[in-house]
Amino acid sequence: MADVPSGLLEACVVVGAVSSTLRELYQSHQQGKIKELPLLETEVLQVHAPPFVTKESVSSETKGQGHAPAFTRIQRRRSFIKKKRGRPGTANGEAAKGSDGGGGTTEDISVPKDLDLIALPQLCFPGGLQIASEQREDSYHYLVFTDVFGNRTHAVVVQYYRPIQFSQDGGHQNGYRLSSKSSRLYTAYGICVISKYPYYNALRDCLSCLLSQLKPSWMGDFEERVKEFSAKLALVPIPPPGQLHVVFSLRPLQIGLPSREDKDRPAVDLDLHLPFLCFRPRQLLQIITSLLTEQRVVLFSCDWARLTLLAESLMLFIHPLVWQHPFVPVLSSQMLDFLMAPTAYLMGCHLHHYEEVAAETDDLILVNIDDGTVSSSSSDGVDLPDVPLAARECFLTRAEGLQMHYDLEVCHLGSSTDVNDQRAQRRQWQRKLNTHIQNITLELIVNIFREVHDHLNFEHRVFNSEEFFRSREPADQPFFKKVLDTHIFHSFLRDRLNRKMDAFTRMELSTRTEAYRLKSMTESPRRPTMQELARKYTSPESRLSKRLGASLPNLGEGVGSLVGPLMQNSLKKMQVDSGLKSPQKPVRCFKLPEFPPPLAYHYVQNYYQEMITLLDKAISGVAFEDSSLLACYHYLRGFVNTVAGKRLDALEDFQTLYKTDTDIFPGELVNALVDSLQDGERAQANRRTEIKRLISRVKKDHERERACHDNEAVKRFQLPKKHMQLEDFVRHVQESGIVKDQGTIHRLFEALTVGQQKQVDPELFRVFYTFWKETEAEAQEVALPASVLEHLEANECVFKLSSSVKTSHGVGKIAMTQRRLFLLTVGRPGYVEVTKFRDIEEVKISSAPFLLLRIPSLKIKTTLRKETFEVNLKSEVDLWHLMVKEMWAGRKMADDHKDPQYMQQALTNALLMDAVVGCLQSQKAIFAATKLAHFDRMKLEVPMMVPKTTSETLKHKINPSLDLTSPQAVDVLLYTPGQLGVSFDTEGDGNPKLWCALSDGKVVVFDAASWSMQQSQVQVGSSRVNCMLGVDRQQVWIGSQDSVIYIISTRSMSCNKQLTDHRSEVTGLALGERSEKYSPKVAYSCSAEGTVMAWDVSTLQVRKQFRLSCDRLQSVQLCSGTLWCCARDCIIEVWKTGTLNRKISLPEQLCGSPTAFSSFLLYQEKEQLWTACIDVGELCVWHLRELTKPFQRIQLPDCAGVTCLIKVKNQIWVGGRSSGKSRGKIYVVDAQRHTVEKELVAHTDCVQALCSAEDRYVLSGAAREDGKIAIWKVE
């Protein structure tokens, strides 16, 4: 049977000296034989681990046998055989009860399977057990255990002293009845509480409460009290990820367990500002660097507690990167040989070993916590590369603004008379500070690795490390040289390639500058812009580089220095800077009932039932709109039902959780729960449809995760070593990062294989790749003077520079940017404009006389000058002729079609021509390059004149498939309104957005204010999206072909809810009309087989459902209290109860044809119904009062079928396809006169989706051959 979840406690172990040793020492001391008190060897005295009671124990209790054995779950425990001490030198001491039996007896104690009891005594007393002659203060420290799979277990240890006393007959007495004639001795006991969860502060508080009970008690009660304490902690459930904390009372304190922020983060229950108190920010950066570069790091302190707290804080500082190596924050004196390990590690030991460790081992990073210093055991000193400049400066500034003094926060408050109120106040302050520190350190990691994303190939799971490294600033390269080959970075890459939506991704997306988003909208080769070049050649201070996102104030707003404005800001105000502001959700606390007698089964079951009753009450009191809190309660109740043995009830809770918030759904826990079902329970589960569906889904998800885990390798780009056919060539070019588009790569393949067998030699590929990279590197070194830069736009890049040539305007070099050609004059550098590409009239090759020779020259005629510009390019003339013509054609198409990507594609083609000519170096090189003259050929072969009406109405075009290797069909479009200039972090709901559904469940989100891509991919299943609906400003519903309705949070941009009630593909969604302001909001959905469901939006429960008899139900709309449903063969009007009102069949003239309804539109103001069919180029207009036949038929010129209709103002916009070549057409119909006002042609494939942006713009999306979105102005 699978493991079921445990509570807070994994085990409680008592460690100390065995009684026989203490007796001998005590007697010798009383006789005056001992002058110096020794260090004693420690052993395990007691082990307490759950389950403490079981159902089977009830029968034994009725027979008077007392409590059940504490350890009965043999399948998840292993035995620990404790041999009772029979002779000196035995490895383990007395049995758990401490009786003095003979040497041959043993006791079988079951302990947690991953707990190493052999090493535990040393770790509980890392400095040894020192007998004392006077009472000492209690001492706490913390431990971390790591198993072979990297799973960590956490422990808190308290060492507390009790007097040693033995009676005359050799037995223990209570430590408070000593004879006045005998001098006292005190021995320490170590109580170690072990948990799977890092609740250091909470477990320390629990031990403090235990000690308040142990100190006045008799030694004979010691074991029973510890066992009872352990059993209580085993009853405490772990809070779910989110905003719900768990609080319980362990007299005299109330103890809180903070929740994890999300499923991927550990709980934070320690003071994260401690490292900032011990080290200056620069030293902290050194330590973080040593972890990121996987050094051997040793922490030193004279306080054992500091070692683990500092080490755990450092692990949180580098999150989401995960330390992959040995992690042993506390080493006892006997474990120092661990430091000789050849691998990277993070370990800690006592400060008095510092000199010894530094002398014995080389290449260690020595971190002295007490002095706040970082040094090296090597004679050369610390040889750690600096963190990249931009990230370093940002971190240092943030760290200076931290407010870490609690006394300053509460100096205006009075003294609380309740210790628990004081503690709660302190916890609240600490939580706020911890969140701020985590944001600062996460921002550091984001700023270091922000641009990794730009060098990933998701399709082939390749990271182009060489390209990434070359693109770093020279001063930052030593850091990345060490980091890129580490295990920790490899794991980070794996998460990026899996598109993991973790804290790193969320911050990276939220801090992207608008310039970065706009730049990412065009797939152009990487070159430095004029703005970046200006920074590069100004002072170092003004370079606080391009790599930081919007998190730094004033970043990227100009060429001037960023340091000045940054340092002028008040450091206290830095706390609310936009980059770090992440609004904290209000924390809610669930108070557990008072603990029962924890060693009786029926009391424990009653306790669980009381907890479930409290959770029922809490759930009923939560507003349905607060779905995240509701999800937390269902998670917690499911957890409690699981440990209480109510497995089916637990599965019901987890089913509700799955619908409410999949972000915190505990897949592994539910999978284990399903595996633990008994045969009878499984049969009952199969009879409950919802639970059966959950079990099936959990198992599929589990198998998929295992399959994905097996295919998660990350490849580094390598040049090919064998000949490549077309398929292999496409893969290698995409992996290299040169270009993604398959069509462009196919043309490149043709160019490289002109006149030969259709395969590319690996040596030719190497030469081509090298030439491309060398050209790219040369562009990085272009040094343009300020007098030239002022003529160019900030985002322009120099992509090609000729050799020095003679021109009609003097001698110089011809430079090509994405917008223009200009002459960079030699001698005194100057700027002479040649032409912008859009102004070119003619480009031709001529020849210029030179002495007795004719030198080939290029002549360029422009619309802005009468004279022709001539340049003697000699052997370069044919290449420049091809490149300029391609750029000219690309610019013309970009201007005509309002699509900037044409220009970027033309630029890529031109640069590929350059690389092809450079690598072939033969007579056929120019002919080969002509294969890449794509737009120039299109201009000659098929003159693509854009009709005037289309040109005047078309505003812009965007490509949602830019990050993909080929165009994808735009299946659905949705516009959601917002507030311009208002971010989510303040009030309102951010800028308006355009949601675009592509193939296979991909959804791309654009900022509708700038049309920049805000979210490159939100994944909703893996099937086609059929419909989308903006239910409110917080959520978007998406209906999928896989029969699921996915709910996207507009704030987190992730899918965290799913509605799974439909049995067939969801085809339509509609929002109900509210009869009153506060009446429940209702949404309607329909599926292909005819089912219609009405949903309560707040509870996500089905309020009503019915089924219609029709051929493929396609969409649903609400109008004046009735539902209109469109199927292929009919349009049906039904009441909300499902009762049929009216039914419209296909018009008579179409009944014999194989066509079907495709869409319909209700024009309420005119009481009209407009319908369209799939394969018919006309619209039918019906009177709502007379639906027997259409009163008006509107013919659409050159139309082979209609796919979609929308109403905008007094116009009906119709999307379809033309009857000739399969091209997308949009018809704008006057709704009053029923005439076609405009025919718009901007797509090369069928128009599949239309949506309106507040009646100002209409957006159209096309099928796969085109795959673009056109933005149209509405008149």
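All values reported here derive from a predicted model rather than from experimental measurement.

Scoring rules and cut-offs
- Residues numbered from 1 in each chain as written.
- Predicted model: local features only at pLDDT ≥ 70, side-chain atom pairs only at ≥ 80, totals over all residues.
- Heavy atoms only, no water.
- Core = buried A, V, L, I, M, F, W, Y, C linked by side-chain atoms within 4.5 Å.
- Buried < 20%, exposed > 50% of the residue type's maximum accessible area, 1.4 Å probe, protein only.
- Contact = heavy atoms within 4.5 Å.
- Pairing = 2+ DSSP bridges.
- Helix = DSSP H or I, 4+ residues; strand = E, 2+ residues; numbered from the N terminus.
- Axes fitted to C-alpha atoms, helices over the stretch in contact; angles between N-to-C directions.
- Phe/Tyr/Trp six-rings, centres within 6.5 Å; stacked < 30°, edge-to-face > 60°.
- Salt bridge = Lys/Arg side-chain N within 4 Å of Asp/Glu carboxyl O.

Quick look at the nonpolar core
Ile191, Phe248, Phe449 and Leu651 are the most contacted members of the largest nonpolar core, which totals 203 residues. The contact partners of Phe449, leaving out residues within four places of it in the chain, are Leu321, Phe480, Val483, Phe489, Phe492 and Phe504. With 67 residues, the next largest nonpolar core counts Leu764, Val805, Leu907 and Ala915 among its residues.

Some words on the sheet that holds strand S29 (residues 954–958)
Judged by pairing direction, the sheet is antiparallel, and its four strands sit side by side in the order S29-S56-S55-S54 without closing on themselves. Two strands close off the open sheet at either side, each with one partner strand: S29 and strand S54 (1247–1253). The mean angle between the axes of side-by-side strands here comes to 20°, regardless of whether they run parallel or antiparallel. Taken together, the four bridges between S29 and strand S56 (residues 1269–1273) define a ladder with antiparallel strand orientation. When the sheet's bridge partners are listed, Leu954 is paired in S56 with Trp1272.

Comments concerning the pairing of strand S41 (residues 1101–1107)
Walk down a regular strand and you will see the side chains alternate between the two sheet faces. Here strand S40 (residues 1091–1096) runs beside S41; their pairing, made up of six bridges, is antiparallel. Its bridge partner lying in S41, Met1093 is registered against Gln1105. Between S40 and S41, which pair antiparallel in sequence order, lie four residues; one of them, Leu1100, sits at a positive phi of approximately 60°.

Considering the packing of aromatic side chains
By the definition in use, this model includes 28 aromatic pairs. Considering the side-chain rings of Phe590 and Tyr633, the 6.4 Å spacing of their centres and the 80° angle between planes classify their relative orientation as edge-to-face. Of this pair, Phe590 sits in strand S19 (residues 588–591) while Tyr633 is found in helix H21 (residues 627–643), placing the two residues 43 residues apart along the sequence. Taken together, a centroid distance of 6.4 Å and an interplanar angle of 85° make the contact between Trp1037 and Trp1095 edge-to-face.

Some thoughts on the pattern of salt bridges
Two side chains with opposite charge may pair up if their charged atoms get near one another. Applying the stated rule across the entire model yields 57 salt bridges. We note a salt bridge from Lys500 to Asp264, for which the minimum N-O separation is 3.8 Å. Taken together, the residues span a long stretch of sequence, with Lys500 in the loop between helix H15 (487–497) and helix H16 (503–510) and Asp264 in the loop between strand S11 (253–257) and helix H6 (274–278) at a distance of 236 residues. In the salt-bridge network here, residues are joined through shared partners; they are Glu261, Asp262, Arg265 and Arg506.

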